[in-house]
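Summary of structural features
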Amino acid sequence: MASELVNKLEGTSLTDGSTNNDWKAGLKQPKRDGREQTADVTATKGLEFEDFYLKRELLMGIFEAGFEKPSPIQEETIPVALTGRDVLARAKNGTGKTAAFVIPTLERINPKLEKTQALLLVPTRELALQTSQVCKMLGKHLGINVMVTTGGTGLKDDIMRLNDTVHIIVGTPGRILDLASKGVADLSAAQTFVMDEADKLLSPEFTVTIEQLLQFHPKDRQVMLFSATFPIVVKAFKDKHMSDPHEINLMDELTLRGITQYYAFVEEKQKVHCLNTLFSRLQINQSIIFCNSTTRVELLAKKITELGYSCFYSHAKMLQHHRNRVFHDFRNGAMRNLVCSDLLTRGIDIQAVNVVINFDFPKNAETYLHRIGRSGRFGHLGLAINLINWEDRFNLYRIEQELGTEIQPIPSAIDKSLYVYDSPDSIPRPINTAPQYKQQQQQQQGRQQGNGQDLQDPANRTSGGFRGGRGGYRGGYRGPPREQNQQNQNGYQGNQRQGGYQQQRPPPQQQQTAGQPVAQA
Ligand SMILES: Nc1ncnc2c1ncn2[C@@H]1O[C@H](COP(=O)(O)OP(=O)(O)OP(=O)(O)O)[C@@H](O)[C@H]1O
């Protein structure tokens, strides 16, 4: 009798008969990204997302985003953040910091509680859009409402949206303070307070706003700070507003392993010519070209068009809806090149960008690090090319010293294996859940498939982009425009006369004293 019972019990399953992984089989996962990755993201402890005991609905969102395993910063942050402890985390650009704070934030949200429970602060409007899209994607099965709010858009719309339950607010500090001060955004139950690009948010332009915002949160809120760079300014905030934070620093070295950095020494008036050479010789999948001022952004965009290539441009003085449109169209691959100011230096995540060009060399190491980190996302390969003029030589030296990195003279032929992907089709496109952009994208794909020339549609010119000329971007994501890669088969053949640059830098006559280091965690 007893043995009969034992046999029966052995045959009894406590599940409904399905195996644990059945739910995974039904997920709509994106195409696998087979590109090589560096240790910046592969040197993990071997944890799985399941090891964090997250809600199944959240795991579903994570896997449907194409994430297979947590990156090192996610492994370190998620378990601690889930306990509600304060976190101060520093990790390299593009290694997955966003999901490192979004995942625990989502897990801790109670969808049934009709209150705002988390505030995610970022320094720019574009980054706010991007971060809210990550929340929506990862949390899409959780039944929660995420709202993005930034300056430059109508306050009325925000007020209307806050009439409904909003579980997570993502935005820039000024607008949120406005909403909280007016009593429109109620943060009294917002237990989670996250600052991404925290060092930027703690710069003098934002500090007062941040401190005021904190007053609207409950006293026992969880504060989490993330960035690749933490200058000394963060320490004061930590001491004042954080309680025994768990500190994570994954930056034993400062630059990304996958990015090869070059400089070309060039006279200021030869820079455009040099850029022309780069365009014709490099195999650019998508590129971001940085200038040091809004005026120079516009001038360069015009010059690029005159050269016969096409580009978008973006800077802080443009209308917000133009900025948004450029950002989304560029992310969706509608244009090969984007010229911009430091507005898009931080956080912007476009995996298809394989080349960053500093048309103007940045003034400090922090900006340099964030700019070049726009390529080589999530441990992939990328190229950073710096056009250096006579005045920049001290800065070049100083930034190399501060970052402990070597920026090499541009060789006459750049090895394609350093930055070119064999199958760009498998590069993940940015997470994009906003219906209006989905619609835009579909329309765009339709046009590109039908007739690439439609991208020259004058209606598109209003979006802050220069298009047209012989190099106008045609054919969507199917291949680079003829002019931009026709010489690529022969590799990069540096031609100093044509490009107007020297490969070797002049020795700095005097070495500038190092400025404030970026490396203080
Ligand atoms: N576990 C993961 N598996 C696969 N891809 C991931 C994973 N985590 C993040 N990613 C992808 O890696 C890319 C970079 O992530 P993210 O933008 O969060 O980096 P970051 O560290 O915040 O960079 P930055 O410092 O430049 O802001 C994104 O495209 C994201 O979708």
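Note that the structure is predicted; figures quoted are calculated from it, not measured.

When helices and strands are counted, the protein chain shows 20 helices and 16 strands. When burial is assessed residue by residue, the protein chain has 56% of its 521 residues classed as buried. Sequence-distant contacts, at least 24 apart, represent 80% of the contacts inside the protein chain between residues at least 6 apart. When the accessible area of the protein chain is evaluated, it comes to approximately 22,400 Å², of which 49% is carbon and sulfur surface.

Quick look at the site of the ligand now. Close to the ligand lie 19 residues; Gly94, Lys97, Thr98, Asp349 and Arg377 are nearest. Between Gln74 and the ligand, the recorded distance is 2.8 Å, taken from a side-chain N or O atom to a nitrogen atom. Thr98 has a polar side-chain atom sitting 2.7 Å from an oxygen atom of the ligand. Here the ligand, which alone exposes 640 Å², has 92% of that area covered by the protein. Its residues assigned to classes, the shell around the ligand comprises three nonpolar, nine polar and seven charged.

Attention now moves to the packing of aromatic side chains. For the structure shown, the criterion picks out seven aromatic pairs. When the ring of Trp23 is compared with that of Phe63, the centres are 6.0 Å apart and the planes differ by 40 degrees; the resulting orientation is tilted. Remark: Phe63 occurs in helix 4 (residues 56–64) and Trp23 occurs in helix 2 (residues 22–25); sequence separation between them is 40 residues. The exposure classification of Trp23 matches that of Phe63, with both residues buried. Ring pairing ties together the aromatic residues Trp23, Phe49, Phe52 and Phe63, which thus form one cluster. Against the face of Tyr421 rests Arg35, its NZ or CZ located 4.6 Å from the ring centre. One cation-aromatic arrangement involves Lys271 over Phe359; the distance from NZ or CZ to the ring centre is 5.3 Å.

The next thing to look at is the sheet that holds strand 6 (residues 222–227). Spatially, the seven strands line up as an open sheet ordered 3-4-2-5-6-1-7, and their pairing is parallel. At either margin of the open sheet sits one strand with a lone partner, and together these are strand 3 (146–149) and strand 7 (246–249). Averaged over all pairs of adjacent strands, the angle between their axes in this sheet comes to 10 degrees, without regard to strand direction. Contacts between helix 9 (residues 173–181) and the sheet are confined to strand 2 (118–121), strand 3 and strand 4 (168–171), with strand 4 contributing the most and set at about 135 degrees to the helix.

On to the packing of helix 11 (residues 204–215) against helix 12 (residues 233–241). The description of two helices packed together rests on the angle between their axes and the distance between the axes. Contact geometry for helix 11 and helix 12: axes closest at 13 Å, N-to-C directions at 15 degrees. In terms of orientation, helix 11 lies roughly parallel with respect to helix 12. The crossing of helix 11 and helix 12 is right-handed. Counted together, Ile210, Glu211 and Leu214 of helix 11 and Phe237, Lys240 and His241 of helix 12 form the full contact between these two elements. Of the residues assigned to the contact of helix 11 with helix 12, the class counts are three nonpolar, one polar and two charged.

Quick look at the pattern of salt bridges now. Counted under the stated rule, the structure contains 32 salt bridges. One network of salt bridges, in which partners are shared, links Asp40, Lys92, Glu253 and Arg257.

Okay, the side chain of Ser287 next. By the secondary structure assignment, Ser287 is in strand 9 (residues 286–290). Each residue touching Ser287, except ones within four places of it in the same chain, is listed here: Phe279, Phe330, Arg336, Asn337, Leu338, Val353 and Val355.

Let's shift gears to helix 17 (residues 393–403). Residues lying three or four places apart along an α-helix face the same way, a consequence of the helix completing one turn every 3.6 residues. Burial runs high along helix 17: nine of the eleven residues are buried. Turning to helix 17, its buried residues number three or more, namely Arg393, Phe394, Asn395, Leu396, Arg398, Ile399, Glu400, Glu402 and Leu403. Looking one or two places after helix 17, you find Gly404, whose phi comes out positive at around 60 degrees.

Core analysis: the largest hydrophobic core is formed by 49 residues, its most contacted members being Leu282, Ile304, Val339 and Ile385. Apart from the residues within four sequence positions on either side, Val339 is in contact with Ile289, Cys291, Val297, Leu300, Ala301, Ile304, Cys311, Phe312, Tyr313 and Ser314. Counting residues in hydrophobic clusters, the runner-up holds 39 residues, among them Leu27, Leu58, Ile109 and Val170.

Further remarks concern helix 14 (residues 294–307). End to end, helix 14 covers 20 Å across 14 residues, agreeing with the expected 20 Å (1.5 Å per residue, within 8%). For helix 14, the set of buried residues is Thr294, Val297, Leu300, Ala301, Ile304 and Thr305. Projected down its long axis, helix 14 carries its buried residues within an arc of 140 degrees, all on one side. Turned more than 90 degrees from where helix 14 packs its buried face, Thr295, Leu299 and Glu306 sit exposed.

This brings us to the pairing of strand 2. On strand 2, burial covers both faces: Ala118 and Leu120 on one face and Leu119 and Leu121 on the other are all buried. Across four bridges, the pairing between strand 2 and strand 4 is parallel. Along strand 4, the bridge assignment pairs Leu119 with Ile169. Bridge count for strand 2 against strand 5 (residues 192–196) is four bridges, and the pairing is parallel.

Along the chain, Asn337 falls in strand 11 (residues 337–340). Look at Asn337 and you get buried, because its relative accessible area is 0%. Separated by 125 residues in sequence, Asn337 and Gln212 place their C-alpha atoms 39 Å apart. There is a polar contact of 2.7 Å between the side chain of Asn337 and the side chain of Ser287.

Turning our eyes to something else, we now look at the environment of Leu187. Within the element layout of this structure, Leu187 appears in the loop between helix 9 and strand 5. Separated by 96 residues in the primary sequence, Leu187 and Gln283 have C-alpha atoms spaced 48 Å apart. Filtering out sequence-adjacent residues up to four positions away, Leu187 remains in contact with Thr116, Leu119, Ile169, Ile176, Ala180, Leu213, Phe216, His217 and Pro218.

Turning to the pairing of strand 9, a few remarks are in order. By the criterion of burial, strand 9 is predominantly enclosed, with five of the five residues buried. The alternating pattern of strand 9 places Gln286, Ile288 and Phe290 on one face and Ser287 and Ile289 on the opposite face, and all of these are buried. Here strand 9 pairs with strand 12 (residues 353–358) via five bridges, running parallel. Across the sheet, the residue bridging to Gln286 is Val353, located in strand 12. Bridge count between strand 9 and strand 11: four bridges; the pairing is parallel.

Parameters at a glance
All residue numbers refer to position in the chain's written sequence, counted from 1. A pLDDT threshold of at least 70 governs which residues receive local features in this predicted model, and a stricter bar of 80 or more applies before side-chain atom pairs are shown or counted, although totals over entire chains, interfaces and linings include all residues. The side-chain numbers reported here are obtained from all heavy atoms of the structure, hydrogens and water having been left aside. Put simply, DSSP marks the helices as runs of H or I at least four residues long and the strands as runs of E at least two long, and each gets a number from the N terminus on. Relative accessible area decides the class of each residue, using a 1.4 Å probe on protein chains only: under 20% of the type maximum gives buried, over 50% gives exposed, and in between gives partly exposed. Here, residues are in contact when the closest pair of their heavy atoms is within 4.5 Å. Only the protein chains shown count as cover for residues, with accessible areas throughout obtained via the Shrake-Rupley method and a probe of 1.4 Å. Each residue is tested against the molecule or strand, and it is near if at least one of its non-hydrogen atoms lies within 4 Å. Two N or O atoms form a polar contact when they lie within 3.5 Å of each other; inside protein one atom must be a possible hydrogen donor and the other a possible acceptor, and for residues adjacent in sequence the pair counts only when both atoms belong to side chains. Only Asp, Glu, Lys and Arg are considered charged in this grouping, and only Ala, Val, Leu, Ile, Met, Phe, Trp, Tyr, Cys and Pro are considered nonpolar; every other residue, Gly among them, is considered polar. Side-chain rings of Phe, Tyr and Trp, where Trp is taken by its six-membered ring, are said to pair if the distance between their centres is within 6.5 Å; with planes under 30 degrees apart they count as stacked, over 60 as edge-to-face, and otherwise as tilted. A ring is considered to have a charge above it if a Lys NZ or an Arg CZ atom is located within 6 Å of its centre and within 35 degrees of its normal. Strands are treated as partners if at least two bridges between them are detected by DSSP. The axes used here are C-alpha line fits, helices contributing only the stretch in contact, and every angle between their N-to-C directions lies in the interval 0 to 180 degrees. Every angle not falling under 35 degrees, over 145, or within 65 to 115 is termed oblique; those three ranges are roughly parallel, roughly antiparallel and roughly perpendicular. Crossing chirality is assigned from the near helix's rotation relative to the far helix, an anticlockwise turn below a right angle marking it left-handed and a clockwise turn marking it right-handed. Every case where a carboxyl oxygen of Asp or Glu lies within 4 Å of a side-chain nitrogen of Lys or Arg is listed as a salt bridge. To define a nonpolar core, start from buried Ala, Val, Leu, Ile, Met, Phe, Trp, Tyr and Cys residues and group those joined through side-chain atoms within 4.5 Å. Here, expected helix span is obtained from the residue count minus one, scaled by 1.5 Å. The directions considered for the arc run from the helix axis to the C-beta atoms.

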